Amino acid sequence: MQRAAARALRGARSPQVLIPSGLSGPGLSGPGLSGPGLSGPGLSRPGLSGPTRTLSTRSPLVRARSATAGTPPLGLLYERHGEAAAVVQLKDLEVPKLGDCDVHVKMLAAPINPADINMIQGTYPVLSLLPAVGGNEGVGEVLEVGHRVTALKPGDWVIPANAGLGTWRTWGVFPEEMLLKVPSDIPVLCAATLSVNPCTAFRLLADFETLVPGDSVIQNAANSGVGQAVIQIARASGIKTINVVRDRPDLPKLVERLMALGADHIITEEMLRKPEMKDIFKSIPRPRLALNCVGGKSTTEMLRHLQPKGTMVTYGGMAKQPVMVPVSAFIFRDMRLRGFWMTQWRKDHAQGMGTATNPTQHHPHSHSWSHLCLSQ
């Protein structure tokens, strides 16, 4: 499956990502930041209002050639926990000095993930020390390196080795061990979202059931970042996918987009509960693996379509409702319920990846980006 995942990555479609924009220089004219918890009239601070757009990743974000001269970096900073619209501020950041083991990075793109908002709210299990710059994922281009940096050079693309780097900024100076080099021949938005969603998708498919070509999996939130990665990795591995999405006015467009990624079946939450579901299983086997990112009724209905002794893995709870399972599913069908958190997986596998007990101590010279999720 590792080879299939690599093939899927190389041919991946750019995900639909909202990234900070309007950070092209002093004055910050133009669109601002939008995304879960960050859009709407509540964001009235300068530079944080207006429509969303995708940042032109090839246009320069920083004009300075040195990390110690020129325009100071701009970042989306929060000094206390709370709703993002109330606590996130666009501010000049301290001009960092480039040390011997440091790397000067210009940010090219950074997504907004639910975990980013949870960290700002103070509800996530891992929190950054305050004040903190938001953003856990992103891709940047190396502009300058310290004298003792050996694994990176100007022009390289890098991503954070772990959460908490603070990627919602125009540029920054970071220790070399906090960065991982990534290929620069993949789409920039794929690189910016490489370390969480594709890794989660791979581990979900690899760790809980032994799947072989011809098997099937069922998942809700199929149009999410993880869901799209599951579709592509599964297709490359010969695994069929049953993809559950919410009904919406533009459903045909969504179906077309997911089918182009390699989805086999796409159904709505309402269809999941209808008897016609049995028609799907005339051509493919019932799934042994269900992937849950929603909770509530969606989980209960999805579980009904699993094979006996099947496994349902929960990695998110977007509905903010509990996972509800009938007692009969345990007694008569021996269903297994599991959970997954990518951050915990990296901590558990830190020793096998050659890192110290602190997962942020991840050196790019001895470890490639693939170790983020492919280590056994």
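That block above? That's the structure.
Everything numeric here is computed off the predicted structure, so don't read it as measured data.

## A few points about the overall build of the protein chain
Right, on to step 1. Counting its regular elements, the protein chain contains 10 helices and 14 strands.
Right, on to step 2. Here the protein chain holds 376 residues, and 52% of them are scored as buried.
Right, on to step 3. Within the protein chain, residue pairs in contact and separated by at least 24 positions form 72% of the contacts whose partners lie at least 6 positions apart.
Right, on to step 4. Of the roughly 17,200 Å² of accessible surface on the protein chain, a fraction of 53% belongs to carbon and sulfur atoms.

## Here's the deal with the environment of valine 103
Right, on to step 1. Along the chain, valine 103 turns up in strand E3 (residues 102–109).
Right, on to step 2. C-alpha separation for the pair valine 103 and methionine 178, spaced 75 residues apart in sequence, amounts to 9.5 Å.
Right, on to step 3. What valine 103 contacts, discounting residues up to four positions off in sequence, is Leu98, Val142, Glu144, Val145, Val149, Leu152, Gly172, Val173, Phe174, Glu176 and Leu179.

## A look at the pairing of strand E10 (residues 240–245)
Right, on to step 1. Within E10, 5 of the 6 residues are buried, which leaves it mostly tucked inside the rest of the structure.
Right, on to step 2. Relative to E10, strand E9 (residues 216–219) runs parallel, the two being bridged by 4 bridges. In the strand pairing of E10, isoleucine 218 is matched with isoleucine 242.
Right, on to step 3. For the segment spanning E9, helix H6 (residues 225–237) and E10, crossover handedness is right-handed.
Right, on to step 4. As judged from the 4 bridges shared by E10 and strand E11 (residues 265–268), these two strands associate in the parallel manner. Residue pairing across strands places valine 244 opposite isoleucine 267, the latter belonging to E11.
Right, on to step 5. Read from E10 through helix H7 (residues 251–261) to E11, the crossover connection turns out right-handed.

## Side note on H7
Right, on to step 1. Within H7 the residues assigned to the buried category are Leu251, Leu254, Leu258 and Leu261. Seen from one end, H7 has its buried residues packed into an arc of 80°, which puts them on one side. In this structure, H7 carries Pro252, Lys253 and Glu256 as exposed residues pointing more than 90 degrees from its buried face.
Right, on to step 2. Along its buried surface, H7 packs onto H6, E10 and E11.
Right, on to step 3. Where H7 ends, the next residue or the one after it, glycine 262, has phi of about 120°, a positive value.

## Quick word on unusual backbone geometry
Note on backbone geometry: most residues besides glycine have negative phi, and most peptide bonds are trans.
Right, on to step 1. At the junction of leucine 130 and proline 131, the peptide bond is cis and its omega measures out at -5° in the coordinates.
Right, on to step 2. Looking at the secondary structure, you find proline 131 in the loop between helix H3 (114–121) and strand E4 (132–133).
Right, on to step 3. Although it is not a glycine, lysine 320 adopts a positive phi angle of roughly 55°.
Right, on to step 4. Within the secondary structure layout, lysine 320 lies in the loop between strand E13 (311–314) and helix H9 (327–331).
Right, on to step 5. Non-glycine residue aspartate 334 carries a positive phi angle of around 55°.

## Focus on the environment of threonine 123
Right, on to step 1. Mapped onto the fold, threonine 123 is located in the loop between H3 and E4.
Right, on to step 2. Residue threonine 123 is classed as exposed on the basis of its relative accessible area of 56%.
Right, on to step 3. Residues threonine 123 and histidine 81, 42 residues apart in the sequence, show an inter-C-alpha distance of 8.8 Å.

## Observations regarding the packing of helix H5 (residues 197–207) against H6
Right, on to step 1. Between H5 and H6, whose axes approach to 8 Å, the crossing angle comes to 55°. As the angle between them shows, H5 and H6 are arranged oblique. Between H5 and H6 the crossing geometry is right-handed. Where H5 approaches H6, its residues Asn197, Pro198, Thr200, Ala201, Phe202, Leu204 and Leu205 are matched on the opposing element by Gly225, Val226, Ala229, Val230, Ile233 and Ala234.
Right, on to step 2. Each residue belonging to the contact of H5 with H6 can be placed in one class, and the counts come to 10 nonpolar, 3 polar and no charged.

## Some points on the sheet that holds E4
Note: strands within a sheet are paired through backbone hydrogen bonds, in either parallel or antiparallel orientation.
Right, on to step 1. The strand order E2-E1-E4 describes an open sheet built from 3 strands, whose pairing is antiparallel. The open sheet has two edge strands, strand E2 (88–92) and E4, and neither has a second partner.
Right, on to step 2. Pairing of strand E1 (residues 74–78) with E4, which is carried by 2 bridges, proceeds in the antiparallel orientation. By the bridge assignment, tyrosine 78 is partnered in E4 with alanine 132.

## Some thoughts on the packing of aromatic side chains
Right, on to step 1. A complete count under the given rule lists 2 aromatic pairs for this structure.
Right, on to step 2. Taken together, a centroid distance of 5.8 Å and an interplanar angle of 80° make the contact between tyrosine 124 and tryptophan 341 edge-to-face. On the criterion of sequence distance, the pair formed by tyrosine 124 in the loop between H3 and E4 and tryptophan 341 in the loop between strand E14 (336–339) and helix H10 (342–348) is long-range, its members being 217 residues apart.
Right, on to step 3. With a centroid separation of 6.2 Å and an interplanar angle of 90°, the aromatic rings of phenylalanine 208 and phenylalanine 340 are classed as edge-to-face. With a gap of 132 residues between them, phenylalanine 208 in the loop between H5 and E9 and phenylalanine 340 in the loop between E14 and H10 connect regions that are remote in the sequence. Pair check on accessibility: phenylalanine 208 and phenylalanine 340 agree, each one buried.

Calculation rules
- Residues numbered from 1 in each chain as written.
- Predicted model: local features only at pLDDT ≥ 70, side-chain atom pairs only at ≥ 80, totals over all residues.
- Heavy atoms only, no water.
- Helix = DSSP H or I, 4+ residues; strand = E, 2+ residues; numbered from the N terminus.
- Buried < 20%, exposed > 50% of the residue type's maximum accessible area, 1.4 Å probe, protein only.
- Contact = heavy atoms within 4.5 Å.
- Areas by Shrake-Rupley, 256 points an atom, 1.4 Å probe, with all protein chains shown as cover.
- Pairing = 2+ DSSP bridges.
- Right-handed = clockwise from strand over helix to strand, strands pointing away.
- Arc of directions from axis to C-beta.
- Axes fitted to C-alpha atoms, helices over the stretch in contact; angles between N-to-C directions.
- Parallel < 35°, antiparallel > 145°, perpendicular 65-115°, else oblique.
- Left-handed = near helix turned anticlockwise from the far one by under 90°.
- Nonpolar A, V, L, I, M, F, W, Y, C, P; charged D, E, K, R; others polar.
- Phe/Tyr/Trp six-rings, centres within 6.5 Å; stacked < 30°, edge-to-face > 60°.

Read these as layout, nothing more, since geometry by itself doesn't imply function.
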